[in-house]
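This is what each chain is made of:
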Amino acid sequence: VQLQAYGGGLVQAGGSLRLSCTASGTITSIKDMGWYRQAPGKQRDLVATITSGGTANYANSVTGRFTISRDNAKKTIYLQMNDLKPEDTAVYYCKANIRPHFVLDDFWGQGTLVTVSS
């Protein structure tokens, strides 16, 4: 199983970016998927998660600015980030709760860097 995240880049404050993350490999089912971020010198924090049924959950710091969505057929999640702020600068990681065969396990993507300039 692999998770491939992409879409990061450099953007000015107030701008927008859209991240994508696609799961591939031997996959029987995918449960929850989500985005986490880690700023330099800080711990990795939850940004947003989404269930297989489409129920989303957001960190307070991004509520109203970020939107997570999911395409189950494509095994892909998206993170639309609007009104970006310098404090959103971080490496963004996707995570998925996947059942390759019989056991459910957590898998992480490689991370994509988002830099917001002031």
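Predicted model only: the values in this text are computed from it and were never measured.

Side note on the packing of aromatic side chains
Argument step 1. This structure, assessed with the given rule, holds one aromatic pair.
Argument step 2. Where Tyr-36 meets Trp-108, the ring centres are 5.1 Å apart and the plane angle is 65 degrees; that geometry is what we call edge-to-face. Of this pair, Tyr-36 sits in strand β4 (residues 29-38) while Trp-108 sits in strand β10 (residues 105-108), and the two are 72 residues apart along the sequence.
Argument step 3. Taking relative accessible area as the criterion, Trp-108 reaches 38% and is therefore assigned partly exposed.
Argument step 4. Over the face of the ring belonging to Tyr-78 we find Arg-18, whose NZ or CZ atom lies 4.1 Å from the ring centre.
Argument step 5. For the cation-ring pair, Arg-44 lies above Trp-108, with the distance from its terminal atom to the ring centre recorded as 4.7 Å.

Here's the deal with the pairing of strand β1 (residues 2-6)
Argument step 1. Residues Leu-3 and Ala-5 point to one face of β1 and are all buried, whereas Gln-2, Gln-4 and Tyr-6, pointing to the other face, are not buried.
Argument step 2. As paired elements, β1 and strand β3 (residues 17-24) share five bridges and run antiparallel to each other. Each residue of the ladder has a partner; that of Gln-4, found in β3, is Thr-22.

Structural notes on the environment of Leu-79
Argument step 1. Following the sequence through the fold, Leu-79 ends up in strand β8 (residues 76-81).
Argument step 2. For the pair Leu-79 and Ala-23, spaced 56 residues apart in sequence, the C-alpha separation works out to 15 Å.
Argument step 3. Discounting residues that sit within four places of it in the chain, Leu-79 has contacts with Leu-17, Arg-18, Leu-19, Trp-35, Val-47, Ala-48, Phe-66, Thr-67, Ile-68 and Tyr-92.

Reading guide: rules and limits
- Along each chain, the written sequence defines residue order, and numbers are assigned to residues from 1.
- Only residues with pLDDT of 70 or above have their local features reported here, since the model is predicted, and side-chain atom pairs are shown and tallied only from 80 upward, although totals for entire chains, interfaces and linings are computed over all residues.
- As a convention, hydrogens and water are excluded, and side-chain values are obtained from all of the structure's heavy atoms.
- Working definition: a ring pair exists when centres of Phe, Tyr or Trp rings (six-membered ring for Trp) sit within 6.5 Å. Plane angles under 30 degrees give stacked, over 60 give edge-to-face, the rest tilted.
- Secondary structure is summarised from DSSP: a helix means a run of H or I of at least four residues, a strand means a run of E of at least two, and numbering begins at the N terminus for each.
- Relative accessible area decides the class of each residue, using a 1.4 Å probe on protein chains only: under 20% of the type maximum gives buried, over 50% gives exposed, and in between gives partly exposed.
- Placement of a charge over a ring requires the Lys NZ or Arg CZ to be within 6 Å of the ring centre, with the centre-to-atom vector within 35 degrees of the ring normal.
- Strands qualify as paired when DSSP identifies two bridges or more between them.
- Two residues qualify as a contact provided that any one of their heavy atoms is within 4.5 Å of a heavy atom in the partner residue.

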